[in-house]
Amino acid sequence: MTSIKTLTRSTPSWAKMDATLKFQICHGELGNCCWTDELDDTNKNDFELGNMDVWDSQAKGLGACEGFVIPSNVDDLRVYIKHTSEDAWYGQTIWIVTECASLDIPINEYIDNRDYYEVCSGDVSPVHLREIVTKTRSSPDWSKMDDQVKLQICNGKLGCCCWTDVLNNPNKNDYELGNLDHFDSAEDGLGDCLNFPFPSNNADLRVFMQHSGSDAWYGEKIWIAFQDMDYNEMEGFEITQAIDNDEYKTIKN
Ligand SMILES: [Ca+2]
Ligand SMILES: [Ca+2]
Ligand SMILES: [Ca+2]
Ligand SMILES: [Ca+2]
């Protein structure tokens, strides 16, 4: 291995960071891994909006990953990122570069708060998302909503995420007091989450919600169903707080 390259997203404004990342690269048997040091280019303000940074030396923190042997026919490369502070980083792509190859991995989620994740490289043996069900609280009165929410659903790996469109049944007044609403099609707004692959029915799901508009929603629970699941098998997540305006909130992390 000769270098790692990182491309920081150009939006949103908080995508940049003034902190560092550490990478762990593994393949083959358990423990066949290298760690970088903290990636930090002392001659440059790194991880800035829209910028590519190249980590190709000990001085920049490549550490034990410099010269780490990655066979050209490797089919199980695993990449982990350790975040080291409280300044979130939202990358667009990372590259793992060897003398004869460059593997690019898209990043579809930000990392923050010293989290450590395996990076999603897309090799899931999938089950597919088919339905989302929401339950609105029956009280207080303002729990109901005529505005819009979208969900982001991720599995345990950094960037293995889909976004729904606005979840809305075209022929129904959704999110009314005490009601269950079912979203199971493109028309209902499942967006990229419709048929999105997850590694298993009991994947380590992480669920986030984005609200828009000024009519708050106070849900009670959200269920997510994969292919052929019946209602009783759906994985449910309690909602513990209302969401309003342009808030983005964690339902389960
Ligand atoms: Ca910076
Ligand atoms: Ca930031
Ligand atoms: Ca409301
Ligand atoms: Ca409504």
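Residues numbered from 1 in each chain as written. Chains lettered and ligands numbered in written order. Predicted model: local features only at pLDDT ≥ 70, side-chain atom pairs only at ≥ 80, totals over all residues.

Here's the deal with the overall build of the protein chain
Counting secondary structure elements, the protein chain contains zero helices and 17 strands. Sorting the 253 residues of the protein chain into buried and exposed places 30% on the buried side. (Helix = DSSP H or I, 4+ residues; strand = E, 2+ residues; numbered from the N terminus. Buried ≥ 20, exposed ≤ 12 C-beta atoms within 10 Å, placed from the backbone.)

Notes on the sheet that holds strand S5 (residues 78-83)
Here four strands make up an open sheet; going across it, the order is S3-S2-S5-S8 and the pairing antiparallel. Only two strands of the sheet have a single partner each, and these edge strands are strand S3 (33-35) and strand S8 (116-118). Ignoring strand direction, the axes of neighbouring strands in this sheet form an average angle of 15 degrees. (Pairing = 2+ DSSP bridges. Axes fitted to C-alpha atoms, helices over the stretch in contact; angles between N-to-C directions.)

Quick notes on unusual backbone geometry
The linkage connecting Thr11 with the following residue, Pro12, adopts the cis geometry, with an omega of -10 degrees. Structurally, Pro12 is set in the loop between strand S1 (3-8) and strand S2 (21-26). A cis geometry characterises the amide bond from Ser139 onward to Pro140, with omega recorded as -5 degrees. The phi dihedral of Phe47 is positive, around 60 degrees, even though this residue is not glycine. Examined against the element boundaries, Phe47 turns out to sit in the loop between S3 and strand S4 (52-55). Positive phi values are uncommon outside glycine, yet Asn245 reaches one of about 50 degrees.

Points about the nonpolar core
Counting 51 residues, the largest nonpolar core has Phe23, Leu129, Ile132, Ile153 and Cys193 as its most contacted members. Looking at which domains feed residues into this core, each of domain 1 (3-118) and domain 2 (127-252) supplies at least three. When sequence neighbours within four positions are dropped, the list of residues in contact with Phe23 reads Ile4, Thr36, Cys65, Val79, Tyr80 and Ile81. (Core = buried A, V, L, I, M, F, W, Y, C linked by C-beta atoms within 7 Å. Domains from an automatic or database assignment. Contact = placed C-beta atoms within 7 Å.)

Quick look at the domain arrangement of the protein chain
Along its sequence, the protein chain is carved into domain 1 (3-118) and domain 2 (127-252). Each partner contributes to the interface: domain 1 provides eight residues, whereas domain 2 provides five residues. Tallied by class, the residues present in the side of domain 1 that touches domain 2 amount to five nonpolar, one polar and two charged. (Nonpolar A, V, L, I, M, F, W, Y, C, P; charged D, E, K, R; others polar.)

With respect to the pairing of strand S6 (residues 91-97)
Pairing of S1 with S6, which is carried by six bridges, proceeds in the antiparallel orientation. Across the sheet, residue Thr6 finds its bridge partner in S6, namely Ile94. Where S6 meets strand S7 (residues 102-106), five bridges bridge the pair, whose relative direction is antiparallel. When the bridges of S7 are listed, Val97 appears paired with Ser102.

Examining the environment of Ser121
Among the secondary structure elements, Ser121 is positioned in the loop between S8 and strand S9 (127-136). Residues Ser121 and Ile107 lie 14 residues apart in sequence; the distance between their C-alpha atoms is 9.1 Å. Not counting residues up to four positions away in its chain, the partners in contact with Ser121 are Val79 and Ile105.

Concerning the sheet that holds S6
Pairing is antiparallel across the open sheet formed by four strands, whose spatial order is S4-S1-S6-S7. Two strands lie at the open edges of the sheet, namely S4 and S7, each paired on one side alone. Here the strands of the sheet are splayed against their neighbours by 15 degrees on average, with no regard to which way each runs.

Brief notes about the environment of Ser185
Its place among the elements puts Ser185 in the loop between strand S12 (180-183) and strand S13 (197-198). As for Ser185 and Ile243, which are separated by 58 residues in sequence, their C-alpha atoms are 24 Å apart.

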